[in-house]
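For reference, the chains in residue letters:
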Amino acid sequence: MTATELGLPAVRRAAPRDPARPADPRLVDSFGRVATDLRISLTDRCNLRCSYCMPAEGLDWMPRDEQLTDDELIRLITIAVRDLGVEELRFTGGEPLLRRGLEGLIAASAALEPRPDISLTTNGIGLARRAEALAAAGVNRLNVSMDTLQQERFATITRRDRLSDVLDGLAAARAAGLGPVKINSVLLRGVNDDEAVPLLRFALDHGYELRFIEQMPLDAQHGWERSEMITAGEVMEKLRESFALTPDPAERGGAPAERWLVDGGPAAVGVIASVTRPFCGACDRTRLTADGQVRSCLFARTETDLRAMLRGGSSDAEIADTWRHAMWGKLAGHGIDDPGFLQPDRPMSAIGG
Ligand code: SAM
Ligand code: SF4
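For the protein, an unreviewed UniProt entry supplies the name GTP 3',8-cyclase and the organism Pseudonocardia kunmingensis. According to its UniProt record, the protein has this under Function (unreviewed entry): "Catalyzes the cyclization of GTP to (8S)-3',8-cyclo-7,8-dihydroguanosine 5'-triphosphate." Reading the Sequence similarities (unreviewed entry) entry of the UniProt record for the protein gives the comment "Belongs to the radical SAM superfamily. MoaA family."

Structure below.
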């Protein structure tokens, strides 16, 4: 899906300077936040079909020629790190392991000065074969998504029978030193909401750090219902039946997860309460889609087209200033609770989670 097909307004030339925007080279917004964490979607394609993310069938992939090439992507990442103060890069998708040349993109990113922190969010399919090469290329940390420990449930949720691949991928990531390896889990009512405790026990036993994510209205089929969502409060209640949880005293900063020490620590569990306890006030993210659109928020309804600038001959300075302009306009919050909230047309799998 392109911005044009989605009917999104796109900026094609260097944006005019808002006189209120300070002459700060970083990605500042009008609420005083500074974006230093760039989330890059490498592809909208995926080899799983998680029910809360994609429909069983019938989601068109982005045409190849609309995707940024490796050279285009590296140019934008370089601008972000060198000129805009981005300190952290997270590669995601879709499924980032499906992007050809992933290790090369990571190595090119790792060669930048100042060296950014590099992480990857993956469903873990094929990770067992790739973990060492990813670590050698420069990945510092890795998140693997896994919502259940039960094979049949995994096949129901993801519509593919691949749980053992994910478990192998997790183990390989840990062995490759990509730790602490984090596990992302989404609990779904009546499907896997009895697995909060087993998932945490599994993570503790294997040295992974588990994070529960509240389900958000970002599925391609627009089927999210608030009443169906398992809240962070419910997760905590279930966990407290089996574990003593105390707030992690470490500074949270812009991190989306509230961390809790388990049974006195040092092991911890994270809860990402994007819907019920939004953390927009501390958000430090900027997002780049696989087709070169900057989004200031997961829930943004506008995008800024850097691909058109790249392909239209704009200079690095023009692109950097357009990116600054896009982030200056970032809204205060995602507005899920506003009566007029509208889910973005672009689904999570094409934005990058
Ligand atoms: N395919 C990779 C994976 O699953 O890790 C990377 C992309 S996926 C979109 C990134 C994360 O977003 C995953 O942890 C997934 O569980 C989560 N996710 C997807 N759709 C979501 C939704 N509607 N609400 C909350 N989290 C979601
Ligand atoms: Fe694919 Fe990740 Fe979406 Fe699951 S959550 S369908 S693995 S992009």
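(A) Focus on the nonpolar core. Leu76, Phe212, Leu239, Val269 and Trp323 are the most contacted members of the largest nonpolar core, which totals 97 residues. When near neighbours in sequence (up to four residues on either side) are disregarded, Trp323 contacts Leu27, Leu38, Leu76, Ala80, Leu84, Thr286, Val294 and Leu306.

(B) Quick peek at the site of ligand 2. With respect to spatial proximity, the complete set of residues near ligand 2 consists of Cys46, Leu48, Arg49, Cys50, Cys53, Gly94 and Asn123. By residue class, the composition of the shell around ligand 2 is four nonpolar, two polar and one charged.

(C) Spatial organisation of the pairing of strand β6 (residues 141-145). Two strands pair when backbone bridges link them, and strand β5 (residues 117-122) and β6 are joined in this way by four bridges, in the parallel orientation. Note on β6: the bridge partner recorded for Ser119 is Arg141. With helix α3 (residues 127-137) bridging β5 and the parallel β6, this β-α-β connection has right-handed handedness.

(D) Representation of the site of ligand 1 in the model. What surrounds ligand 1 is a group of 18 residues, the closest being Tyr52, Gly94, Glu95, Ser145 and Met216. The side chain of Glu95 places a nitrogen or oxygen atom 3.2 Å from a nitrogen atom of ligand 1. In the environment of ligand 1, an oxygen atom lies 2.5 Å from a nitrogen or oxygen atom belonging to the side chain of Ser145. Protein chains shield 96% of the accessible area of ligand 1, which is 540 Å² for the free molecule. Taken together, the residues that form the shell around ligand 1 break down as six nonpolar, 10 polar and two charged.

(E) The arrangement of the environment of Thr122 in detail. Mapped onto the secondary structure, Thr122 falls in strand β5. C-alpha of Thr122 to C-alpha of Leu98: the two residues are 24 residues apart in sequence and 9.8 Å apart in space. Residues contacting Thr122, with those up to four places away along its chain left out, are Glu95, Pro96, Leu97, Leu127, Leu142, Asn143, Val144 and Ser145.

(F) A look at the sheet that holds strand β10 (residues 258-262). Taken in spatial order, the 12 strands line up as β9-β10-β11-β8-β7-β6-β5-β4-β3-β12-β13-β14 in an open sheet, and their pairing is mixed. What marks the edges here is a single partner per strand, and that holds for β9 (245-247) and β14 (304-305). As defined by bridge partners, strand β3 (residues 37-41) adjoins strand β12 (residues 285-288) across four bridges and the pair is classed as parallel. Note on β12: the bridge partner recorded for Arg39 is Arg287. Lying over the sheet, helix α6 (residues 196-206) contacts β7 (182-185), β8 (209-213), β10 and β11 (268-272), oriented at roughly 155° with respect to β8. Sitting on the sheet, helix α9 (residues 316-328) touches β3, β12, β13 (293-295) and β14, and the angle it makes with β13 is about 35°.

(G) Structural view of the UniProt feature "binding site: [4Fe-4S] cluster 2" (unreviewed entry) in the protein. Per the UniProt entry, the sites bearing "binding site: [4Fe-4S] cluster 2" (unreviewed entry) are Cys280, Cys283 and Cys297 in this numbering. In sequence the annotated residues extend across 18 residues, while in space they remain close, none of their C-alpha pairs exceeding 9.2 Å. For Cys280, the location among the structural elements is in the loop between β11 and β12. Not counting residues within four places of it along the chain, the set of residues in contact with Cys280 comprises Arg33, Ala332, Gly333 and His334. For Cys283, the position within the fold is in the loop between β11 and β12. On the basis of relative accessibility, which here comes to 17%, the residue Cys283 falls in the buried class. Setting aside its immediate chain neighbours within four residues, Cys283 contacts Arg33 and Lys330.

(H) Geometry of the pattern of salt bridges. Per the counting criterion, the structure on display carries 25 salt bridges. For Asp24, the salt bridge is made with Arg26, and the minimal N-O distance between the two is 3.0 Å. Two residues, Asp321 and Arg324, come together in a salt bridge whose shortest N-O distance is 3.1 Å. Remark: Arg324 and Asp321 occur in helix α9; sequence separation between them is three residues, near one turn of the helix. According to the relative accessible area criterion, Asp321 is partly exposed, its value standing at 21%. Through salt bridges with shared partners, a single network forms among Asp37, Arg39, Asp284 and Arg285.

(I) Here's a closer look at α6. Along α6, the residues classified as buried are Ala196, Val197, Leu199, Leu200, Phe202 and Ala203. The inward-facing, buried residues of α6 abut α5 (163-175), β7, β8, α7 (232-240), β10 and β11.

Cut-offs applied
- Residues numbered from 1 in each chain as written.
- Chains lettered and ligands numbered in written order.
- Predicted model: local features only at pLDDT ≥ 70, side-chain atom pairs only at ≥ 80, totals over all residues.
- Heavy atoms only, no water.
- UniProt positions renumbered as here; feature names shortened; annotations may be inferred.
- Core = buried A, V, L, I, M, F, W, Y, C linked by side-chain atoms within 4.5 Å.
- Buried < 20%, exposed > 50% of the residue type's maximum accessible area, 1.4 Å probe, protein only.
- Contact = heavy atoms within 4.5 Å.
- Near = heavy atom within 4 Å.
- Nonpolar A, V, L, I, M, F, W, Y, C, P; charged D, E, K, R; others polar.
- Pairing = 2+ DSSP bridges.
- Helix = DSSP H or I, 4+ residues; strand = E, 2+ residues; numbered from the N terminus.
- Right-handed = clockwise from strand over helix to strand, strands pointing away.
- Polar contact = N/O pair within 3.5 Å; in protein donor to acceptor, adjacent residues only side chain to side chain.
- Areas by Shrake-Rupley, 256 points an atom, 1.4 Å probe, with all protein chains shown as cover.
- Axes fitted to C-alpha atoms, helices over the stretch in contact; angles between N-to-C directions.
- Salt bridge = Lys/Arg side-chain N within 4 Å of Asp/Glu carboxyl O.

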